[in-house]
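This is what each chain is made of:
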There are 2 protein chains.
Amino acid sequence: MTARTSTETARDIPEATVARLPVYLRALTTLLDEGTTTCSSEDLAGAAGVNSAKLRKDLSYLGSYGTRGVGYDVEYLHFQIAREIGVTHDWPVVIVGIGNLGHALANFSGFRSRGFRVVALLDADPSRHEEQVAGIDVRPFADLGEIVREHGVAIGVIATPAAAAQDVTDAMVASGITSILNFAPAVLAVPPGVDVRKVDLSIELQILAYHEQRKAQGDPADPSEPAEAPEEATA
Amino acid sequence: MTARTSTETARDIPEATVARLPVYLRALTTLLDEGTTTCSSEDLAGAAGVNSAKLRKDLSYLGSYGTRGVGYDVEYLHFQIAREIGVTHDWPVVIVGIGNLGHALANFSGFRSRGFRVVALLDADPSRHEEQVAGIDVRPFADLGEIVREHGVAIGVIATPAAAAQDVTDAMVASGITSILNFAPAVLAVPPGVDVRKVDLSIELQILAYHEQRKAQGDPADPSEPAEAPEEATA
DNA sequence: AGGAGTTTGTGAACGTGAGAACAAAACCGA
DNA sequence: TCGGTTTTGTTCTCACGTTCACAAACTCCT
């Protein structure tokens, strides 16, 4: 372990590790619910569907939270990862675009339990402003700035059609949002310092289709397709 | 370019490239709609939000479809990528779990236009079997095998709660499905030869939260956060 | 107290991906 | 026909991520 200047956490965790920490967190939550108090890296790796060596290396970036010969304390490790990710308190989030997807997102119960709180639903269509979705009023898109200021929102979710996505992005950035989760099938331009993550159903399906095609056309009995990720069971 | 044994496409395209091909395909569709007939790697890279060198290298895995000094024929390249991915014809798809998310997926218009066709909506809850969603009947989960056989379905989408995901997976695999897109927050166990891709809203948000926390706590004026992916505009 | 058995944390080897740079190949104008 | 210009396809190098393998450190049993 490299020298730590203060009592704070270590810096520069690899991006690939950051992407797995939420998976570990969820696996730990499951273990907690089952009443498990201690687990080995092998146990947790199995529950998270990864290699145990990779899991240990990932956790080592956070610090030495395990005990050799014993394993990890489930509750303690859960807290440490939650703290590292920053979900020990809830993050306020706004959702823009209350179509089919926006409805589903607004109703998504996992928000609250996983460190997020929807503070506003926004839509440009005035005919929707009467609605209430998941107990939250749908408000005019023009209110974005006010809402962001009022609640200190840093994270925005875009669930609009592609054509509107860039305009929504620009307005979000202007109002002070610095992290965007984009469900619209469009490439967004953002200034430095703003993070964008993209979730795209069509792309995921097309990646599957590519592999599916390979399986079919390669050979009826295909030799070279050992399952992209042979995972272990959890739920 | 390495020797090609037959007239078929080259083998073993890197996974990272496969994941970007759908992005290029979409960018090309946009260019087609705009009436553009030819584009340079720089143009297309801009529209897709990637480095032009990376784009050229990606395309080189498919073959030499460009012309030096000129660029790429938009329509021709679009077809070649579509063929490589395997979306020149529609893939039949089943969706299991018609909750909020299932509804949104069933209504998603991008399916049809991007090489997929929803042939069935399945739900275990009998009270939903009267419903029609997006013009498609909701059918009992028990009909899965029959539907898969009848339509030759290879791709399944899981939009159930986490607790049901593994059972649904097992039934899908048993019925002959070999590619699964999983929206449930659970790690799925599948036999070799079956591909699983996972889409997880909570994980994406938590990754954003991590970076957001770093921006905030690091320093008010943060030196080391040059925007994860400074993308170019398209839509 | 001491040795056997476990399990973590990490150093080192390996594989994959990204980006710079350039040669090869096309077009264009004289 | 020939040189200049443009743009692709490819090679090379570097950085990142994964996996192996093992020393360090802890528990348990005698």
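The structure presented is a predicted model; accordingly, all values stated were derived computationally and were not measured.

S.K.: So what exactly am I meant to see when it comes to the overall build of chain A here?
M.R.: When its secondary structure is counted, chain A shows 9 helices and 10 strands. Per-residue burial over chain A gives 51% buried out of 235 residues. For chain A, the proportion of contacts with a sequence separation of at least 24, taken over those separated by at least 6, is 57%.

S.K.: Quick question: what am I supposed to make of the environment of Arg197(A) here?
M.R.: All names here are of chain A. Take arginine 197: it is sitting in strand β10 (residues 195-198). Assessed through its relative accessible area of 18%, arginine 197 is described here as buried. Residues arginine 197 and phenylalanine 183, 14 residues apart in the sequence, show an inter-C-alpha distance of 8.7 Å.

S.K.: Any chance you could explain the pattern of salt bridges here in plain terms?
M.R.: Pairing of side chains with opposite charge becomes possible as their charged atoms draw close. A complete count under the given rule lists 20 salt bridges over all chains for this structure. Notably, a salt bridge pairs Asp143(A) with Arg139(A), separated by 3.3 Å at the nearest N-O pair. Of the residues examined, Arg139(A) reaches a relative accessible area of 26% and is grouped as partly exposed. Arg197(A) serves as the salt-bridge partner of Glu204(B), at 2.5 Å between the closest nitrogen and oxygen. Of this pair, Glu204(B) sits in helix α9 (residues 201-218) while Arg197(A) is found in strand β10, placing the two residues in two different chains. Here Glu204(B) and Arg197(A) have matching classes, each one buried. Three or more residues are tied together by salt bridges with common partners; here these are Asp123(A), Arg128(A) and Glu131(A).

S.K.: Any chance you could explain the side chain of Glu204(B) here in plain terms?
M.R.: Residue classification places Glu204(B) among the buried residues on the basis of a relative accessible area of 15%. Discounting chain neighbours no more than four positions away, the residues touching Glu204(B) are Leu181(A), Arg197(A) and Val199(A).

S.K.: Would you explain the sheet that holds strand β7 (residues 136-140) of chain A in this entry?
M.R.: Consider a sheet: its strands pair through backbone hydrogen bonds, and that pairing is either parallel or antiparallel. Residues and elements named next belong to chain A. Strand order in the open sheet made by the 7 strands is β6-β7-β5-β4-β8-β9-β10, with mixed pairing throughout. Where the open sheet ends on each side, the last strands, each with one partner, are β6 (132-133) and β10. Together, β4 (91-96), β8 (155-158) and β9 (179-182) form the strand contacts of helix α8 (residues 162-175), whose direction differs from that of β8 by roughly 170°.

S.K.: How should I be thinking about the interface of chain B and chain A in this particular structure?
M.R.: Interfaces are often sized by the amount of accessible area the parts lose when they come together. Contacts between chain B and chain A engage 82 residues on the former and 80 residues on the latter. Approximately 7,200 Å² of surface area, both sides summed, lies buried where chain B meets chain A, with 60% of it carried by carbon and sulfur atoms. For the pair chain B and chain A, the number of links is 6 salt bridges. Linking chain B with chain A are 21 residue pairs in polar contact (both at pLDDT 80 or more), by the criterion used here. Among the elements that line the side of chain B that touches chain A, the one with the most residues is α9(B), at 16 residues. For the side of chain B that touches chain A, the residue count by class is 46 nonpolar, 16 polar and 20 charged.

S.K.: Looking at this model, I keep getting lost on the relation of the copies chain B and chain A. Mind explaining?
M.R.: Turning one copy of the chain about an axis and sliding it along that axis gives the other copy, so a rotation and a shift relate them. Overlay of chain B on chain A (RMSD 0.1 Å): rotation 180°, translation along the axis 0.0 Å. This pairing of chains is accounted for by a two-fold axis. Both copies share a contact surface, since 98% of the interface residues of chain B are interface residues in chain A too.

S.K.: What is the right way to read helix α8 (residues 162-175) of chain B from this model?
M.R.: Residue pairs three or four apart in sequence face the same way in an α-helix, which turns once every 3.6 residues. All names here are of chain B. Across its 14 residues, α8 extends 20 Å between first and last C-alpha, which sits within 8% of the 20 Å expected from 1.5 Å per residue. Of all the positions in α8, only Ala165, Gln166, Val168, Thr169, Met172 and Ser175 are classed as buried. Against the buried residues of α8 lie β4 (91-96), α7 (144-151), β8 (155-158) and β9 (179-182). One or two residues past the end of α8 sits glycine 176, with phi positive at roughly 115°.

S.K.: For this particular structure, what's the right way to read the sheet that holds strand β1 (residues 38-39) of chain A?
M.R.: Residue and element names in this part refer to chain A. Taken in spatial order, the 3 strands make up an open sheet running β1-β3-β2, and their pairing is antiparallel. Whereas interior strands pair on both sides, the edge strands pair on one side only; in this sheet they are β1 and β2 (66-67). Across 2 bridges, β1 lies against strand β3 (residues 71-73) in antiparallel orientation. In the strand pairing of β3, cysteine 39 is matched with tyrosine 72. Together, β1 and β3 form the strand contacts of helix α4 (residues 74-85), whose direction differs from that of β3 by roughly 75°.

S.K.: What am I meant to see in the environment of Phe183(B) here?
M.R.: Of note, Phe183(B) is situated in the loop between β9 and β10 (195-198). Residue class for Phe183(B) comes out buried when judged on its relative accessible area of 16%. In contact with Phe183(B), not counting residues within four places along its chain, are Leu201(A), Leu101(B), Leu105(B), Val157(B), Ile158(B), Ala159(B) and Val199(B).

S.K.: How should I be thinking about unusual backbone geometry in this particular structure?
M.R.: What is expected of a backbone is that most residues other than glycine have negative phi and most peptide bonds are trans. A positive phi angle, close to 55°, is found at Ala134(A), a residue other than glycine. When you line up the elements, Ala134(A) lands in the loop between β6 and β7.

S.K.: Looking at this model, I keep getting lost on the packing of aromatic side chains. Mind explaining?
M.R.: Geometrically, a pair of aromatic rings is defined through the distance of the ring centres and the angle of the planes. Applying the stated rule across the entire model yields 4 aromatic pairs over all chains. On the numbers, 5.6 Å between centres and 85° between planes, the contact of Tyr65(A) with Tyr76(A) is edge-to-face. Separated by 11 residues along the polypeptide, Tyr65(A) in the loop between α3 (52-62) and β2 and Tyr76(A) in helix α4 bring together distant segments of the chain. Here Tyr65(A) falls in the buried class, since its relative accessible area comes to 18%. Classification of Tyr76(A) by relative accessible area gives partly exposed; the value is 41%. Between Phe108(B) and Phe111(B), the ring centres sit 5.5 Å apart and the planes meet at 75°, which makes this aromatic pair edge-to-face. With a relative accessible area of 4%, Phe111(B) lands in the buried category.

S.K.: Is there a simple way to explain the packing of helix α2 (residues 41-48) of chain B against helix α3 (residues 52-60) of chain B in this structure?
M.R.: All names here are of chain B. Where α2 contacts α3, the axes come no closer than 8 Å and their chain directions differ by 105°. Accordingly, the angle class assigned to the pair α2 and α3 is roughly perpendicular. Listed contacts from α3 to Ser41, Glu42, Leu44 and Ala45 of α2 are Ser52, Leu55 and Arg56. Here the contact of α2 with α3 is built from residues that sort into 3 nonpolar, 2 polar and 2 charged.

Reading the values: rules and limits
- Residue positions are given per chain, counted from 1 along the sequence in the order it is written.
- Going through the entries in the order they are written, you letter the chains from A and number the ligands from 1.
- With pLDDT at 70 or above as the cut-off, local features in this predicted model cover only qualifying residues; side-chain atom pairs require 80 or more to be listed or tallied, and sums for whole chains, interfaces and linings still use all residues.
- Think of the side-chain values as coming from all heavy atoms in the structure, minus any hydrogens and water.
- The secondary structure listing takes helices from DSSP runs of H or I that are at least 4 residues long and strands from runs of E that are at least 2 residues long, numbered from the N terminus.
- When a residue's accessible area, from a 1.4 Å probe over protein chains only, is under 20% of the maximum for its type it is buried; when over 50% it is exposed; and in between it is partly exposed.
- A contact between two residues is defined here by any heavy atoms of the two lying within 4.5 Å.
- One side-chain nitrogen of Lys or Arg within 4 Å of one carboxyl oxygen of Asp or Glu is enough to make a salt bridge.
- For two strands to pair, DSSP has to find at least two bridges joining them.
- Throughout, an axis means a line fitted to C-alpha atoms (over the contacting stretch in the case of helices), and angles, computed between N-to-C directions, take values from 0 to 180 degrees.
- Buried area, as used here, totals the accessible surface that two parts lose on assembly, with accessibility defined by a 1.4 Å probe and the loss added over both.
- For this analysis, a polar contact is any N or O atom pair within 3.5 Å, provided that within protein one partner can donate a hydrogen and the other can accept it, and provided that sequence-adjacent residues contribute only side-chain to side-chain pairs.
- Only Asp, Glu, Lys and Arg are considered charged, only Ala, Val, Leu, Ile, Met, Phe, Trp, Tyr, Cys and Pro nonpolar, and every remaining residue, Gly among them, polar.
- A residue counts toward the fit only if its pLDDT is at least 70 in both copies, and the copies are then superposed by least squares on the C-alpha atoms of those residues.
- Under the convention used throughout, the expected extent of a helix is 1.5 Å for every residue step, that is, one less than its residue count.
- Only Phe, Tyr and Trp rings take part, Trp by its six-membered ring, and two of them pair if their centres are within 6.5 Å. Stacked means planes under 30 degrees apart, edge-to-face means over 60, and tilted covers everything else.
- With respect to orientation, any angle under 35 degrees is reported as roughly parallel, any angle over 145 as roughly antiparallel, any angle of 65 to 115 as roughly perpendicular, and every other angle as oblique.

Note that every value here comes from positions in space, so none of it alone points to a role or purpose.
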